[in-house]
Amino acid sequence: MDTITRPLESLGRATLASLAGIGHAAMLLVESVGFAFTGWRRGQPLRVPSVFEQMRQIGVDALPITALLALVIGIMLGIQFVAALSEFGAQSQVVIAVAKSVTREFGALITAILVAGRSGSALAARIGSMNVSQEVDALAVIGIDPVRYLAAPALFAMLLMLPVLTIFADAISILGAAVYSAPALNVTPSAYISQTLALLTPGDIGQGLAKSVVFAILISLIGISTGFSVSGGAEGVGRATTRSVVLSICYIIVADMIFSFFLNR
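No experiment lies behind these values; they were computed from the predicted model shown. (Residues numbered from 1 in each chain as written. Predicted model: local features only at pLDDT ≥ 70, side-chain atom pairs only at ≥ 80, totals over all residues. Heavy atoms only, no water.)

**Quick word on the overall build of the protein chain**
What counts, and what does not: Counting from the N terminus, the helices are the DSSP runs of H or I reaching at least four residues and the strands are the DSSP runs of E reaching at least two. To sort residues, take the accessible area from a 1.4 Å probe on protein chains only and compare it with the maximum for the residue type: under 20% means buried, over 50% means exposed, and anything in between is partly exposed. The contact definition used throughout considers only heavy atoms, calling two residues in contact when any of these lie within 4.5 Å. In this description, accessible areas are obtained by the Shrake-Rupley approach with a 1.4 Å probe, and a residue is regarded as covered only by the protein chains that are shown.
The helix and strand tally for the protein chain stands at 9 helices and 0 strands. Reading the protein chain from its N end, one meets helices and strands in the order α-α-α-α-α-α-α-α-α. Each principal axis of the C-alpha distribution contributes one length, and for the protein chain these read about 65 × 55 × 35 Å. Each of the 265 residues in the protein chain was classed as buried or not, and the buried ones make up 41%. Put simply, 83% of the contacts in the protein chain that link residues at least 6 apart link residues at least 24 apart. Carbon and sulfur atoms form 70% of the exposed surface of the protein chain, whose accessible area is close to 13500 Å².

Listed below in structure tokens is the structure:
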């Protein structure tokens, strides 16, 4: 019987732990939003300078690597679509194929994965280190709510900056595709970009932005909740950082699949 019950017991414990983690993340979201709108009534207002500092770290500092990665993605898509559509004599469809793929899918997805690896892991490591060194407990002792001080600024900065980074990545990716595809299609890069702008609709861009908002919530909540649950010293911080990145990427891909299923039917 042990060979049967032991796997079931392990599965049950893992399920309960997963549900507890989801509940913890949901409570962090509710408390962060509460501090943003009603914290000033309780003497615990959202710290606006901290939000701007997080925006700089999450968004501004990530612009160079985002630009480089988006440029490479745009060139790669141009290469693939030119090669694939040329087999069917449909080279003229490269422009719309690249534009919709970037704005609906790749811009938001690649940016979210980049931010998850860069900023989500940093959130988990920073809060985890403070938790291990009992700085989080010290904040509570002196009357500063840790959620208001650590979680809320990161959450709102992520919500503001990830859509901006997504728009930036969309533009750079389309520029990269134009650099490669325009000579192959016998048009100028400016004509390629003008045709792209004429073919894109607000819905295409809005779909990517909607995804980026959901991705921002997932990345920030996973990083923050993982950091608050750290135990075991420096080794625990390392495990939490790795767990944060892995979980963020997994949830991002699953959420992207769900979005694509419902928005493209």
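Additional details are given in the paragraphs that follow.
**With respect to helix α3 (residues 63–86)**
Quick note on the threshold: One fewer than the residue count of a helix, multiplied by 1.5 Å, yields its expected span.
With 24 residues, α3 ought to run about 34 Å at 1.5 Å a step, and its terminal C-alpha atoms sit 34 Å apart, in line with that. All of the buried residues along α3 are T66, A70, I73, G74, L77, G78, V82 and L85. Residues of α3 that are buried make contact with α4 (94–132) and α6 (146–184).

**Considering the side chain of D170**
Threshold: A positive count includes Lys and Arg, and a negative count includes Asp and Glu. His and the chain ends are not counted in either. Any Lys or Arg side-chain nitrogen located within 4 Å of an Asp or Glu carboxyl oxygen qualifies as a salt bridge.
Locating D170 in the fold gives a position in helix α6. The buried charged residue D170 lacks any salt bridge partner; its closest oppositely charged side chain belongs to K211, at an N-O distance of 10 Å.

**Side note on unusual backbone geometry**
Its identity is not glycine, yet Q134 carries a phi of approximately 65°, on the positive side. Along the polypeptide, Q134 turns up in the loop between α4 and α5 (135–141). Positive phi, normally seen in glycine, also occurs at N186, with a value near 60°. Residue placement: N186 occurs in the loop between α6 and α7 (189–199).

**Description of the environment of Y192**
Along the chain, the position of Y192 falls in helix α7. Taking the relative accessible area as the measure of exposure, Y192 reaches 1% and is therefore buried. The spacing of Y192 and A182 is 10 residues in sequence and 6.2 Å in space, taken between C-alpha atoms. Non-local contacts of Y192, meaning those with residues more than four positions away in its chain, are made with V94, V95, V98, I174, A177, A178, S181, A182, L185 and V187.

**Focus on helix α2 (residues 48–58)**
The line we're drawing: Summarising the geometry, the arc corresponds to the directions from the helix axis toward the C-beta atoms.
For α2, the complete set of buried residues consists of S50, V51, Q54, M55 and I58. Angularly, the buried residues of α2 cover 140° about the axis, an arc narrow enough to put them on a single face. For α2, the exposed residues lying more than 90 degrees away from the buried face are P49 and F52. Looking at the packing, one finds that the buried side of α2 touches α4 and α6.

**Examining the packing of α4 against helix α9 (residues 233–263)**
Rule in force here: Axis angles are defined between N-to-C directions and span 0 to 180 degrees, where every axis is a line fitted to C-alpha atoms and, for a helix, only to the segment in contact. We call two directions roughly parallel when the angle between them is under 35 degrees, roughly antiparallel when it is over 145, roughly perpendicular when it lies between 65 and 115, and oblique otherwise. Whether a crossing is left-handed or right-handed is set by the direction in which the near helix is turned from the far one by less than a right angle, anticlockwise for left-handed and clockwise for right-handed.
Orientation of α4 relative to α9, taken along the N-to-C sense of each, is 155°, at an axis distance of 8 Å. The angle between α4 and α9 places the two elements in the roughly antiparallel class. α9 is crossed by α4, and the crossing has right-handed handedness.

**Structural notes on the pattern of salt bridges**
Between side chains of opposite charge, a pair can form as their charged atoms come close. Overall, the coordinates contain 7 salt bridges when judged by the stated rule. Taking the shortest distance from any N to any O, the salt bridge between R56 and D61 comes out at 2.9 Å. Accessibility expressed as a relative area gives 35% for R56, which makes it partly exposed. Residue class for D61 comes out partly exposed when judged on its relative accessible area of 33%. The shortest N-O distance in the salt bridge between D204 and K100 comes to 2.6 Å. Pair noted here: D204 is in helix α8 (residues 202–228) and K100 is in helix α4, with a separation of 104 residues, a long-range link.

**Some words on the packing of α3 against α4**
The condition that has to hold: Each residue gets one of three labels, nonpolar for Ala, Val, Leu, Ile, Met, Phe, Trp, Tyr, Cys and Pro, charged for Asp, Glu, Lys and Arg, and polar for the others, Gly among them.
The N-to-C vectors of α3 and α4 enclose an angle of 145°; their axes lie 10 Å apart at closest approach. The two elements α3 and α4 cross, and the hand of that crossing is right-handed. Contact residues: I65, T66, L69, I73, L77, G78, F81, V82 and L85 in α3; V94, A97, V98, S101, V102, F106, I110 and L114 in α4. Broken down by class, the residue content of the contact of α3 with α4 amounts to 14 nonpolar, 3 polar and no charged.

**Quick word on the packing of aromatic side chains**
Where we set the bar: Only rings of Phe, Tyr and Trp enter the pairing, Trp through its six-membered ring, and a pair is recorded when the two centres are within 6.5 Å. The plane angle decides the type: under 30 degrees is stacked, over 60 is edge-to-face, the rest tilted.
Applying the stated rule across the entire model yields 1 aromatic pair. Between F261 and F262, the aromatic rings sit 5.1 Å apart at their centres with planes inclined by 85°, giving edge-to-face as the arrangement.

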